Each structure stands twice: as C-alpha cells, then as structure tokens.
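Architecture at a glance
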Amino acid sequence: MIALLLALRRVALALAVAEDGTRRGLARVGAAGARTVRGAGGMARRGTARGGQALRHIADHLALGLMPAALAAAGLEDRLARNPAGRLVRRVHGQPRPDALPDGLGDLARWIRTDRVIPVVLLWGAGLAAVLAAGGPAVTSQAAQATYLLLALVGLHLLTVDTAQPSLGQAAFLAVGAYLTAVLRNRLGLGGVEAALVAGLLTAAVGFVVGFGAARLRPAFVALATWAFGWLVAVGIDALPQVSGGSAGIGLGGPMELRLGALGVDLRFGTTGHLLLGTALVALALVALRSAERSTVGMTWAAMRDSAALARALGYDVASHRRWTFFAAAGLAGLAGSLSAQAVGIVDPTSYTATVSLSLFVAVLIGSPFGVLGPFAGLAVARGLPALVEAGTSQAGLHLGQENGIVTALLTVAALVLALGGDRAERWRRRHSRRAPAAPAAEDGAAVAIGVPEAGAIPVSGTTAADPNPAGTAPGQARRRRPARPTPGARPALEVRALTKRFGGVHALDLVDLQVPTGEIHGLVGPNGSGKSTLLRCLSGTLPPDGGSVILDGRWLDHLDETGRVAAGIVRTFQRTVVLPGLTVAEHVELGLARRSPGSAWGQALAKTPGYREGARARRAAALALLRQCGLEGSAEADPEALSSGRQRLLQLVTAAAGGPSVLLLDEPAAGMRPDELELLERTIRQLAEYGLTLLVVEHNLRFLSRVVDRMTVLREGQVIATGRPQEIAADPHVRHAYLGSGRLTSVSRPGPVGIG
Amino acid sequence: MSWGLVLQVLVSGLAAGAAYGLVGMGYSLIYRMTAVLDFAHGDLVNLGIFAFLLALGGGGAVAQVGLPVGILLLAAGVGVAVAMVGAMLLFRLAVEPFGPARAVGWIAATAAAGLLARGLIGAWFSAESYSVPDVLPLQGLGRNGLVDLPGGGVLELRNLAVLGVALALALGFDLFVARSRPGKAMRAAAEAPDTARLSGIDTERLQLLAWAIAGVLTAVAGLLLAPARPVTLQLGVVLGLKGTAAAVLGRLGSARGAVVAGLCLGVLESVVTSLFVPAFHLGSLNLPQLGPLPGMHDVLALLLLVLALALLPGRLRLAAEAPE
C-alpha cells in the first residue's frame, strides 16, 4: 500500500513536468513507479510489471488532463515568452523539454553518497545509544547541551562559511534566547515549548536588526559588529543584575512541558527528552542547510560571497539576502539557547561569554573541511578538548580549560594553520559549494536531448566555429547576414536626457543625450577619460548622476538604485572580468537565469518542491542552450577560471543576458579576445539583438565595433560629438579631430584591430 | 543644577573621553596603515595594566599609596613597553601571515591572541579584581586631590591631569605625523603603499611602527584610567571596545576624529550615568526598582558602536563596484 502511494506521488510529481505527454516521458513514469515498487520491497516480484502497466495507464490519463495547469503553475511558458534570452533558446532549440523525471530519490541518494550521510548517522546513532544506555543523568544532560550547541553551530556555519559573514557573537544570540525564555516563562507564564518558539523568533528578529546594518558591511566589519554585540550582551548582563540575575543567573522553575489537550499530548522533557529533541532539531537544520546549499539559494550565496558586485549587477539584493541569513542564524541560536537553558533549568551567564563565541567560531573553522560532518567534528574538538584539559588540570588546581580560554586560543591558532595555511579550505569550498557535484552524465544527457541545433543555425563549437582569418570577413558581408529586426524609428528603448556628472571641476558627463531604439546595437566610443564608463555606471545605477534622466521603454528610472534598474531591465557587465570560483560555467549562466524565475524562492528550494525541480531543470537546459550559442557548451562543467580570458568575457556576457534584460550594457566586451573569440562574440551579440535585446557597447577595438554596431556615439570630454552609422562616424571631421588631432581616421576601414586611447 | 556639578560631570567625562580617544587613535592608525581591525585591542590595555602590577608587586598585593614616583614611573614604563612589544608581536604573528585579504585569518588570530593573553594573565592574577596605584600622585594637592566647586560639585585634579596628559600625547602624535620624516612616510604609505615602496619607503617597518605606537597609546590610556576603579580583565576589553567605538564614530582612519569622538563619548557617558540614570525606572515592567546603574555607561558605549556600524556604514560599506 505504501509502495503504491509512493508510486502515485511520483506520478503526481511527473505531472508537474510532463510537457507534451511524450510516450517516452510516460514510459519513464511507469518505469520509475516500478522502481519504487521494487525498491519498497513490499510487493511481490511478479506484481512489478503489472504495477508498472497500471501506473502507465493512470499517468496517461492524468497527464493529458492536468498538463496545461501544471505548466502554467510552473510559470515557465510565461517567463520564456517575456525573456529575450528565452525566446532565443526556444527559436534555436525548440521548447526546453524536460526529459528526465523529477528524481527526488535519485537526488537524495546522491546527497547521501556525496555527504557521507550514512557514516554520520551511524556514528551519531551509536553515540546517542551509548549515552542513553550507559550514561548517567549528568552525561545525558551534557550530551543534550552539546546537541543544542550543535544547533547554534549550524546557524553560525550558514553565516560564516556560506555567506562570508564571520560572526564572533553567536553566544550572545544564545544568551538572548535564554534570557527571553526566562522572561517569558517566569514573568509572562508561558509554557516551556511556547517560550522556546517565541524566544527563537524574537532572537531571530534581534539577529535581523544586528544584521540590518552589518549586511551592508565588509566581512571584517561584520565580525566587528557581532563582536561588539557579543560584548554588549555580556556587559549588559553584568550591568543589569536586577534583570539578569547577575552572576547567579535565573532559575526557570520546573522542566519544559508540552501539553496539547486536544491531542492528548502531555510530555515532560527530562534530559533524555531534551537529547532526543535536540538530535531531531539538529538533523532537521542540517538537512535544510545542505538542501539550501545545493540549490539556487546556495548558488546565490556563492555569488554574494565571492563577488557581491557581480551578484548585485545580476539583480540580487545582497543586503537583503544577508539580513535573512542573520535572521535564520540568530533564530537557530535563540532556539538552542532557550532549549538548553530549559534543559538545565537555569540561565547561566557563563555559558554566553566571548570565549564561547570564539570557540563556536573555531568549531566552524575546524569543521569547514569536513562538509556535513563539520559541525560534529568542530564541536567535538573546540568544546571537547578544553573540557578534557579542564578535567585533567583541575586536579592540580590549575584550571587551564574552558573558563580560561587558553586551550581555545591555541586551538584557534592550530585551526588557522591547518585550514588557512594550506589551500585545503579553498579546495573544500570548491568541492562543497557546488549544488550537485555528482551525476553530470545524466543531466547532460537530458540537456543534450533537448534540442539539436537546426540546420542553418549557427555553428556551435568554439574551435570549429573559429574563423582562422576573421579579418577576411568584410564588414559588408557581415551586415548582409544580419536578420531582419524590429523596425527602427519606434519609440527608443533607452533614452538618456541631459545626463550630467561632475567630479570636482571635471565634467565627466556634460548634458549627454542618447536614444537607442529597441533591438539596436549601439556603440559608444571616445578617447580615454571621455566619460564612457561613467555613462555606463550612471545608466546602471551604481553612480548617481548630478542631473538628467534615464528612460527605459517610457519609464523614468532616475529614482531606482542598481537592483531596481536590473529589475526594470538594464543589466551591465564589468570592464574587468569577474568569475566565481565556487561555480561551474553552466552555473554562472543559471545564476543569471535564476533571478525572478519560478522555483527560486527559499522555501521551495529548501523543500525541493516539484516546482523548484522543474525550474532548475529548465534553467539548466536554457543555460546549456545559451552556452551553445556562444560556443562554450564544451566547458559547461568546467571551472571558469580555467577558461581563457576571452571566453571568461563571453561567459560574463551570457550570464548577464540570461537574466532577461531589455537593455544590456557591455563594457569593453572584446578586451583581450583572440580572433576566434571575437567571432563568437560578434555572433552572440547579433543573436541577442535579433531577439529584441538592445545593446550599448563600449569598446576600444573600433574595427570590431564598426562591424557589429548599427549606430555609434562618440564622446569627448563628457560631450556627445557625433552619432550615426559607423561609416558616417569614420568620415566625421570632429571625430577625426578628437582622435587624431588632424589627419585621417584610418582604423575603421583598415583591417586589424586598432586600440585607440 | 549648579554650575559646579556641571563642571564636575564635564571634566570627568572629558578625562575618560580623552583616554578613549587615545585607544581609538591607535585603532584608527592600525586600520589606516595595515587595513586590518584589531580584535585584541582591549587586551593591549590589559597587558599594560597587568605588566605594571607585575613590575610593582610580582602579582601579589600592591601598596596603593606612598610608592616613590620614580618607581611608579619605571613600572609604568615596563607596562607600556610590554604592551608595545605585545602589539608588535600581534602584528608579526597574527596579522602578517595572513595579509589584509584573508580577513577570516587575522580576525580569528587576533581574537585568539586576545583570549590567550587574557588566559595567561588570568592564570597569574586570579583574584576577582585589582586596585591599581595612581601613576599621577596628586593626593597631596587640594583636599586629597579634590577641589570643591561652588554649588556642591567636586573637581578631581587627577581628571584634569589625565585630560592634560592624553591631549598632550594626541597632539604629539598629530605633530609627529604632520611634521616628522617617519610621520610623512607613514602618511605616504597609507595613501599609496605601492608608490611609497617605489620611492624607497620601507612600508613594512612603518606598519610595525604603527602597531607599536598603537600599543603605547593604548597602554597609556589604560594606566591613566585604571586607578579610578576596580580592575578586571573585562575592563581592558571594554576600554578597547570604547576606543573602537571612538575610532568608528570618528571616521575610521582619522586620528583627530577618534579623539573628538572619544571626548564626546566620554562626556555623553558621564552625563547619562550621573544625571539621567537615577531617575530611570523600569517599574512598569514589574521589575525590581533600579537604582543608579554603574555599568550602564559601558552598555551605552557598546550600543553606540553597534548602532554606528548599523547606521553609519559610510566607507565601511561593501565595495559596490567591481574593481575596475
């Protein structure tokens, strides 16, 4: 029966993705159902084939009836229609057609393998059993305390390792949770469980407030803010003994109880109960953390961690993400603090000192090379060793352990030497920050099956597409190949009116006017210091102008910051290439796609809902298709740092385009490119423009630019001195004068890239 | 409220604030010269104070009055020297191996160094708290070092002396940076390290010098403030954090800003603890009646630091631009 239910669930999952009800897909539903049946082992072997048959039959009917609704729910159709990159993908490769089924069990199995879940569970179970069977109340109580510390440690891991916000104040959040519990229970008369939940939530809110400012700061200042907060709490406990109970602490009076009259639940948590509760909570928190790390959320974290600037340029609200991680980390600590105080029946201020905070931080450092085992290993070393030393030296009256902090300090040094001295941490980060390191074969297979490039589509491989002699392609030929575009003369997509920016007495931009119609590739040239980059920064919102307006599709953008403008449809690339060491090439593009795409919400990503899986698969397919466009599909699984600098720039371009902007600002996209890469760049830019993207390209390589662009604008000392088609520009006497003083501008017509300025 | 009381509150606040300013100047200098934050800054205060106590009494009881001025100054010199060496070691062992880019490294290493210092000091000095003799023996002047003010206030002469010494040191440091050769080299190295190195300036030695100066300033501040209160290891840490608050509020990197912010912080603390707090009740929360809150000024300073980081990020903010 259970097996049948499981199988039906799989069918339901399949429905969320079944797109056109292909026989192959439905056959796989049946096969998967059969696998489940077999795996559950409850059904007789002979029933398997029949079960599969029956399921296939059911699925056939359900799929036909429910598919459109499922598609609409996934929001895929809608999104692809709105997104130029998506239109491009669909045109060349047809609809992204999810081929594999949402294989939740497969993903689970992969996770169990890569994270060595089974040894962890066995070890943990053995330890738990040993404590429960042989340990006295004191040992059980200590184990419960350690388990609750683990819970706080999971939160600290989220802050410190995942989002690069080193927190030196985690013990302070434990304290907030514990003291709030005392207030809630002793003064407001709440029950233990309710008090724990409320304290956890309130502590999370405190964390959000602390993180509110800290989220905007560089990592070192996050550490300073949390360090100061830790001491604020410690000093506050000392300074307000009337409230905090001083060094004696506060008794909580009675154990934690859970009474739900309606359900007949009446639990009283002893030390054993707390140990089991803590174990369950830690397991839950760890699974949620790993699930998030292996999802789009984890990808976003990696981007925020390694280049906040890139994450912002792609439209992610970095500060908001950071604040919510503070919320989660503090919430876990608050819950842990509340429960652990209730487990011992007293709120003890010595449990929340700066030494405890530091030892938790060290536990994260020590644990970081061990993946999901990390918190266990870290806590065992960082808290266990000082306890052992304390036990050993207290006989001699020395007390060198826990309270004193010497051992913790030495451990920190040892951990630093081990973790940061070598490149172990780096290697670990790369290995673990990936969402799904395993099974590239299966996923690739799925993606490849999505669409073979149609006849006449652009060549795909970078090496085969490479024209050994691109200079032989005359500009005229390239122009003739270009497909029809939306008619120019319509309302401009991007309009700049009287934009002005001064730096001191220098007019970097002086009443710049610019109009770029939809689908136009517009070049922006000028000698160094003429204001090109300043213009891009004012357009993208990273630099506030002193005057003037930016209008996109009739909408005034002047009040919007960078994130707002990305949302409105302006995305830019950087002059200097930024790649994220923690993500593969394909994941870079997925990062661009994931913003605002279905299934990228936290909750969905954590629970790995069918909608999320569908979104992830569609993103993957679209990413691979986009990479194919620019000849990078062979490197989809590669480390982007292994690419040539030219290909890294291509990757950047594709990543920026993947977010579905209507205007793309490219800052020297051709810098450092080889001839074959220039060819790929040209094709990619053309393709994007053909599908309705408007491009503004700053470039020094005038030969390349005049071949690619429809029109170009020349800036000089912050002023527009000419706008027009490349031929007109080349003939313009003002432009010649700006570049060459007097004489002829030869670089446009002569082959061979010429960098000016 | 009489003018005498106002003056009393003001002077005691300025004296404490000047000491915070000294600590903050050191913190700012370290940030400006080496682009790191010192998480063991308060423990340099501890090093200074406890080395002073060690030199005087070997860890045992120390006579509070009647010590010859020469011996006091000698011991103070020992304390300052130990803090200076401690700061230099901190730079060499806990900061340099990582470089400014590996933030987690020096954050953890300096924090651990502070913890280690507290642990070692705590293993030797195991009493709850200590009294520290005054390096500025002014008890002979006035009425036991006090001058009665019209209207009921009392002026502590040592507060004036503390203020004077601290401001003199700050002024001296300012002149050193503005006029002297190494001071100019330091400014150059802070503004443009690479250019400075190309012009033959040994930036590494200047960084070490910056840490040494910070150690000296911090220890002096500790020795100036410690005699007025029972000294624990937490006192040093909190003083370090108040210096940090002064440095952050005074625009991190600016020595003058740190001094001004420190003075303001001191006066604010003094005003809050002496004027407002006795009238401060939490009766409506059904809590026990609160008397004067001696520890509140520490809470206030730390709260200000946390708020400053939250609300005035200014240039501490994450780089919004990709490096271009």
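Residues numbered from 1 in each chain as written. Chains lettered and ligands numbered in written order. Predicted model: local features only at pLDDT ≥ 70, side-chain atom pairs only at ≥ 80, totals over all residues.

This part is about the overall build of chain B. A count of helices and strands for chain B gives 11 helices and 2 strands. The order of α-helices and β-strands along chain B, N terminus first, is α-α-α-α-β-β-α-α-α-α-α-α-α. In chain B, which comprises 324 residues, the share counted as buried stands at 48%. Contacts in chain B between residues at least 24 apart in sequence constitute 79% of all its contacts with a sequence separation of at least 6. (Helix = DSSP H or I, 4+ residues; strand = E, 2+ residues; numbered from the N terminus. Buried ≥ 20, exposed ≤ 12 C-beta atoms within 10 Å, placed from the backbone. Contact = placed C-beta atoms within 7 Å.)

So, on to the overall build of chain A. Per the secondary structure count, chain A includes 33 helices and 14 strands. Scored against the burial criterion, the 757 residues of chain A give a buried share of 53%. Residue pairs in contact within chain A that sit at least 24 positions apart in sequence constitute 75% of those at least 6 positions apart.

The next point concerns helix α26 (residues 585–594) of chain A. Turn by turn, an α-helix covers 3.6 residues, leaving residues three or four places apart pointing in a common direction. Buried residues dominate α26 of chain A, accounting for 10 of its 10 residues. The complete set of buried residues in α26 of chain A reads Val585, Ala586, Glu587, His588, Val589, Glu590, Leu591, Gly592, Leu593 and Ala594 of chain A.

Moving on: unusual backbone geometry. Residues and elements named next belong to chain A. The phi dihedral of Glu668 falls on the positive side, at around 50°, and the residue is not glycine. Judged by the 20 C-beta atoms lying within 10 Å of it, Glu668 is buried. Look at Glu717: it is not a glycine, yet its phi comes out positive at around 50°. Here Glu717 is to be found in the loop between β13 (711–716) and β14 (719–724).

Within a beta sheet, neighbouring strands are joined by backbone hydrogen bonds and run either parallel or antiparallel to one another. Residue and element names in this part refer to chain A. Pairing is mixed across the open sheet formed by 6 strands, whose spatial order is β10-β11-β12-β7-β13-β14. At either end of the open sheet lies a strand with only one pairing partner, and these are β10 (570–572) and β14. Across the sheet, the mean angle separating the axes of adjacent strands is 20° when strand polarity is ignored. Where strand β7 (residues 521–525) lies against β13, 4 bridges are found, and the strand directions are parallel. Within β13, the position partnered with Leu524 by the bridge is Thr713. On top of the sheet, helix α30 (residues 675–690) reaches β7, β11 (663–667) and β12 (694–698); it is set at about 145° to β12, its chief contact. (Pairing = 2+ DSSP bridges. Axes fitted to C-alpha atoms, helices over the stretch in contact; angles between N-to-C directions.)

A few words on the interface of chain A and chain B. Tallying the contact residues gives 49 residues for chain A and 48 residues for chain B. Looking at the side of chain A that touches chain B, the element that brings in the most residues is helix α11 (residues 219–239) of chain A, giving 15 residues. Of the residues belonging to the side of chain A that touches chain B, the class tally is 33 nonpolar, 11 polar and 5 charged. (Nonpolar A, V, L, I, M, F, W, Y, C, P; charged D, E, K, R; others polar.)

Take the pairing of β14 of chain A next. Residue and element names in this part refer to chain A. The pairing of β13 with β14 spans 5 bridges and is antiparallel. Bridging from a neighbouring strand, Arg716 pairs with Gln719 of β14. Taking the residues that link successive antiparallel strands as the turn, the β13-β14 hairpin has 2 residues, and the phi of Glu717 there is positive, at about 50°.

Let us now look at the sheet that holds strand β9 (residues 555–556) of chain A. Residues and elements named next belong to chain A. The strand order β6-β5-β8-β9 describes an open sheet built from 4 strands, whose pairing is antiparallel. Two strands close off the open sheet at either side, each with one partner strand: β6 (506–517) and β9. Relative to β9, strand β8 (residues 547–552) runs antiparallel, the two sharing 2 bridges. Residue pairing for β9: Ile551 is matched across the bridge by Trp556. In the packing of helix α24 (residues 532–540) onto the sheet, contacts are made with β5 (492–503), β6 and β8, and the angle to β6 comes to roughly 65°.

Another aspect to go through is the confidence of the model for chain B. All names here are of chain B. On average, residues of chain B carry a pLDDT of 82, and 85% of them reach 70 or more. Taken element by element, the predicted model of chain B shows its lowest mean pLDDT in strand β1 (residues 146–148) (76) and its highest in helix α8 (residues 203–225) (92). Contacts of residues 277–292 to residues separated by more than four positions or lying in other chains number 16 contacts, the stretch itself having pLDDT below 50. Every residue in residues 317–324 scores below 50 in pLDDT, and together they form 21 contacts with partners more than four places removed in sequence or on other chains. (pLDDT = per-residue confidence, 0-100.)

In this fold, Leu305 of chain B is placed in helix α11 (residues 296–311). Residues Leu305 of chain B and Ala246 of chain B, spaced 59 residues apart in sequence, show a C-alpha to C-alpha distance of 8.2 Å. Apart from residues no more than four positions distant in its own chain, Leu305 of chain B is found in contact with Ala228 of chain A together with Leu241, Thr244, Ala245 and Val248 of chain B.

All names here are of chain B. Looking only at helix α6 (residues 181–191), the buried set comprises Met186, Ala189 and Ala190. All buried residues of α6 fall inside an arc of 95° around its axis, so they share one side. Seen from the buried face of α6, the exposed residues on the opposite side, beyond 90 degrees, are Arg181 and Glu191. Looking at the buried residues of α6, the elements they touch are α1 (3–34), α5 (157–179), α7 (193–198) and α8. (Arc of directions from axis to C-beta.)

Moving on, we get to the packing of α5 of chain B against α6 of chain B. Residues and elements named next belong to chain B. The N-to-C vectors of α5 and α6 enclose an angle of 75°; their axes lie 5 Å apart at closest approach. Relative to α6, the element α5 is oriented roughly perpendicular. Along the contact surface, α5 presents Phe176, Val177, Ala178 and Arg179, while α6 presents Gly183, Met186 and Arg187. Residues that form the contact of α5 with α6 fall into these classes: 4 nonpolar, 1 polar and 2 charged. (Parallel < 35°, antiparallel > 145°, perpendicular 65-115°, else oblique.)

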